[in-house]
Amino acid sequence: MKRIGIIGVGEIGRALVEGLRDPAGPTPEVFLSPRGARTSADLSERYEGVHVCADNQQVADRSELVIVAVRRQDRHEALDGLRVDGSKVVVNVMAGVTNDDLRSILATDTARTTHATPAAPATDATLVRAIPLPSVRERRSVTVTYPSHPAVDTFFEQLGGALPVADEAAFDVFSTLTGTLTAHYAYLATLTSWAAGHGIPAPDAERYVRGLFQAVGRALGDETRSLRQLSADHETPRGNNERIRTTWFDGTNAATLSNALDDLLNDLRHPPDHRVHP
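Residues numbered from 1 in each chain as written. Predicted model: local features only at pLDDT ≥ 70, side-chain atom pairs only at ≥ 80, totals over all residues. Heavy atoms only, no water.

Draft legend 1. Representation of the overall build of the chain. Scanning the chain from terminus to terminus reveals 13 helices and 8 strands. Along the first, second and third principal axes, the C-alpha set of the chain runs to 75 × 40 × 40 Å. Counting over 278 residues, the chain shows a buried share of 35%. Once local pairs closer than 6 in sequence are excluded, the contacts in the chain between residues at least 24 apart make up 59%. (Helix = DSSP H or I, 4+ residues; strand = E, 2+ residues; numbered from the N terminus. Buried < 20%, exposed > 50% of the residue type's maximum accessible area, 1.4 Å probe, protein only. Contact = heavy atoms within 4.5 Å.)

Draft legend 2. Structural context of the environment of glutamate 11. Here glutamate 11 is to be found in helix 1 (residues 11–20). Taking the relative accessible area as the measure of exposure, glutamate 11 reaches 43% and is therefore partly exposed. The spatial distance from the C-alpha of glutamate 11 to the C-alpha of tryptophan 194 is 30 Å, given a sequence separation of 183 residues. For glutamate 11, the residues in contact, after removing those within four places along its chain, are Pro134 and Arg137.

Draft legend 3. Examining the pattern of salt bridges more closely. On inspection of all chains with the given rule, the structure shows 16 salt bridges. Among the salt bridges present, the one from arginine 46 reaches aspartate 42, with a minimum N-O distance of 3.2 Å. Here arginine 46 and its partner aspartate 42 are both found in helix 2 (residues 37–46), 4 residues apart, which amounts to about one turn of the helix. According to the relative accessible area criterion, arginine 46 is partly exposed, its value standing at 41%. Residue classification places aspartate 42 among the partly exposed positions, given a relative accessible area of 26%. Between aspartate 74 and arginine 71 there is a salt bridge whose closest N-O contact spans 2.9 Å. By relative accessible area, arginine 71 is classed as exposed at 54%. Salt bridges here are not isolated pairs; linked through shared partners, they connect Glu11, Arg14, Glu18, Asp42, Arg46 and Arg137. (Salt bridge = Lys/Arg side-chain N within 4 Å of Asp/Glu carboxyl O.)

Draft legend 4. Spatial organisation of unusual backbone geometry. In this structure, proline 147 follows tyrosine 146 across a cis peptide bond, with omega equal to -10 degrees. Summarising the element assignment, proline 147 is placed in the loop between strand 7 (143–146) and helix 7 (150–157). At arginine 139, a position not held by glycine, the phi torsion is positive, near 55 degrees. Relative to the elements of secondary structure, arginine 139 occurs in the loop between strand 6 (126–131) and strand 7. On the basis of relative accessible area, arginine 139 is assigned to the partly exposed category, the value being 31%. Unusually for a residue other than glycine, arginine 238 sits at a positive phi of about 65 degrees. As for its position among the elements, arginine 238 is in the loop between helix 11 (227–233) and helix 12 (240–247). Taking the relative accessible area as the measure of exposure, arginine 238 reaches 78% and is therefore exposed.

Draft legend 5. Seen up close, the nonpolar core. Judged by nonpolar contacts, the single largest core of 25 residues is most densely connected at Ile67 and Phe156. Per-element tally for this core: the top contributor is helix 1, with 4 residues. Not counting residues within four places of it along the chain, the set of residues in contact with phenylalanine 156 comprises Leu16, Val91, Ala130, Pro132, Thr143, Thr145, Gly161 and Ala162. Ile7, Val59, Val90 and Leu102 belong to the second-largest nonpolar core, a separate cluster that totals 20 residues. (Core = buried A, V, L, I, M, F, W, Y, C linked by side-chain atoms within 4.5 Å.)

Draft legend 6. Here's a closer look at the side chain of threonine 192. Mapping threonine 192 onto the fold places it in helix 9 (residues 181–197). Exposure remark for threonine 192: the relative accessible area of 10% places this residue in the buried category. The contacts of threonine 192, once residues within four sequence positions are left out, are Ala202, Ala205, Glu206 and Val209.

Draft legend 7. Focus on the packing of aromatic side chains. This model, assessed by the stated rule, comprises 4 aromatic pairs. Judged by centre distance (6.0 Å) and plane angle (85 degrees), the rings of tyrosine 187 and phenylalanine 213 are edge-to-face. You can see tyrosine 187 sitting in helix 9 and its partner phenylalanine 213 sitting in helix 10 (residues 202–219), a full 26 residues away along the chain. The exposure class assigned to tyrosine 187 is partly exposed, which follows from its relative accessible area of 31%. (Phe/Tyr/Trp six-rings, centres within 6.5 Å; stacked < 30°, edge-to-face > 60°.)

Draft legend 8. Representation of a nonpolar patch on the surface within the structure. On the surface, a nonpolar cluster with roughly 480 Å² of combined accessible area is contributed by Tyr187, Ile244, Trp248, Phe249 and Leu257. Topologically, isoleucine 244 is positioned in helix 12. (Patch = residues over 30% accessible without salt bridge, like charges linked within 9 Å, V, L, I, M, F, W, Y side chains within 5 Å. Areas by Shrake-Rupley, 256 points an atom, 1.4 Å probe, with all protein chains shown as cover.)

Draft legend 9. Spatial organisation of the confidence of the model for the chain. Here the chain shows a mean pLDDT of 90. Residues at 70 or above account for 91%. Counting interchain partners and residues more than four positions distant, the pLDDT-below-50 stretch residues 110–117 has 6 contacts. Across residues 274–278, confidence stays below pLDDT 50; counting only partners more than four residues off in sequence or on other chains, it has 4 contacts. (pLDDT = per-residue confidence, 0-100.)

In structure tokens:
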């Protein structure tokens, strides 16, 4: 795909643009929506071949692959009336929004010539769901996709890898896992605060915690060992790590986490309708 469009230029949109700027090879033209105007303007100033469009329709018209990255609750406001013809590929990165839901919002391009009403037929463009993470900017994100599509999977392979899944139920499980990222950062911040509370200067505590868990991140690159094996390899019987794992992250704690994940998964599969009716 030589022409990429992004509707909704927030953190993920920015990361995608930055990841596509590969100095080692050719880069596609990128067309950005005016949603997230400051970010769009900054990216167009920094990178050759990145353009800010007048509206979302212009993004769809100029692109071969259209990435829809607006917030779930904003989807109707941003996309109602948007016409996408059948030659396009649309990548849906909105959490909790199925392809059927998105298809019902997007109109077919025939609406231009038939003067169709808002009840115009839904687009017959190819729709693919995806879960790109901010690490696509470093081309290190494994992006889950559904359904598998050669052009979309190839697009994400260059940004760190594609992981096609068999059905939407599996896709929702992976989407739920992404909801744990900030909890991890908050955990690290809690460790830093605890150390500061015991007299360690906060900058020193944070520097040490960052280094400690950057090493953990590097260990995750060893895919010859399972996560449970990595845990065991870092633990001495009756040692410090075993003590914290068994006294803090015990069965009750693990069950609480599992219940929170179940609740989020249920919400993703049965999202509330945020559309405001007149």
